Amino acid sequence: MTHTSTRDAEPATDARSALIRAATRLFAERGIYAVSLREITRAAGQRNTTALQYHFTNREGLLREVLIEHGRDVGARRNTLLDQYELTGRDDLRTLASALVLPLIAKLSDPAGGREYLQITAELLGRTNRMVEPGEPAAIVLDDPGGSLARWLGLVAPMLPPEAVGPPLHRRFAAIHFAHLELSRRAKDDPRSEQTLFTHYLTDLVAAVLAAPVSDETKRVLATRQRS
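Residues numbered from 1 in each chain as written. Predicted model: local features only at pLDDT ≥ 70, side-chain atom pairs only at ≥ 80, totals over all residues. Heavy atoms only, no water.

Participant: So what exactly am I meant to see when it comes to the UniProt feature "domain: HTH tetR-type" (unreviewed entry) in the protein here?
Facilitator: With numbering aligned to this structure, UniProt lists the feature "domain: HTH tetR-type" (unreviewed entry) at residues 13-74. Helix makes up 76% of residues 13-74 and strand 0%. Its end C-alpha atoms lie 23 Å apart. (UniProt positions renumbered as here; feature names shortened; annotations may be inferred. Helix = DSSP H or I, 4+ residues; strand = E, 2+ residues; numbered from the N terminus.)

Participant: Please clarify how the layout of surface pockets should be interpreted in this entry.
Facilitator: Over the atoms, a rolled probe matching the size of one water molecule traces out where space is still vacant. For the second largest pocket, the calculated volume is near 180 Å³. Every residue along the wall of the second largest pocket is listed here: Ser17, Ile20, Arg21, Thr24, Arg25, Glu69, His70, Pro111, Ala112, Gly113 and Glu116. Taken together, the elements giving at least two residues each to the lining of the second largest pocket come down to helix H1 (2-30) and helix H4 (59-88). Among the elements that line the lining of the second largest pocket, the one with the most residues is H1, at five residues. Of the residues belonging to the lining of the second largest pocket, the class tally is three nonpolar, four polar and four charged. (1 Å grid on protein atoms, 1.4 Å probe; cavity = no way out; pocket = protein on both sides within 12 Å on 5 of 7 lines; lining within 4 Å. Points joined across faces, edges and corners; volume = space filled by probe spheres on them. Nonpolar A, V, L, I, M, F, W, Y, C, P; charged D, E, K, R; others polar.)

Participant: Where do I start with helix H8 (residues 148-156) in this structure?
Facilitator: Along an α-helix, residues three or four positions apart point the same way, because every turn accommodates 3.6 residues. The set of residues buried in H8 consists of Ser148, Leu149, Trp152, Leu155 and Val156. Viewed along the axis of H8, the buried residues span an arc of 120°, placing them on a single side of the element. Contacts made by the buried residues of H8 are with H4, helix H5 (93-105), helix H7 (137-142), helix H9 (171-187) and helix H10 (196-211). (Buried < 20%, exposed > 50% of the residue type's maximum accessible area, 1.4 Å probe, protein only. Arc of directions from axis to C-beta. Contact = heavy atoms within 4.5 Å.)

Participant: Whenever I open this one, empty space enclosed by the protein confuses me. Can you help?
Facilitator: Applying the stated criterion across every chain, the model contains one cavity of 30 Å³ or more. The space that makes up the largest cavity amounts to roughly 60 Å³. As for the largest cavity, its lining consists of Val74, Arg78, Leu100, Leu104, Tyr117, Val141, Asp144, Leu149 and His180. For the lining of the largest cavity, the secondary-structure elements that each account for two or more residues are H4 and H5.

Rendered as structure tokens:
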């Protein structure tokens, strides 16, 4: 009885993994909403057309699993870097920019869909021009397993110009979005490309986005909006 159950479980696990792999590739190649569920099922080698619905219910459920699978690794790496940062006891915006960038850079050398993950997250964040609601796929990117990004947001906030924290400027989201956009572009390059210069320069740019002063012109516009 036990042996039969184990044999039955293995094909189900294999099918689930195959669907995640196929979805990761097709979402990155074609766009999250430009590929049909039937195409994903076929690319995963599943003859049962209801396999995707059985394992994930719908597109959103499948997308969440793709994001969670890679997000665990990203979150663990970022939490390690933030642990090291907090041990120093010093405020350093560039080190925090590095803690945002480096766990994502690692995905460029992840052969199990890392580059595709970067393209998918960039598409999701590029579609977001408002507050992200809990349960949305983009919320999994911003509230990763392990809570590393929420922790990063909290550490960065005190070092930003007060006007840049929260709406309408959302400086921290701008830095996150920029990093994902640049990494998505990089993910389309030759996988053999050397990443050292790109890593340091992207960290420089993210730090610059975070540290940029709010100009007098922008402050005047903000004051006008607040009065109206």
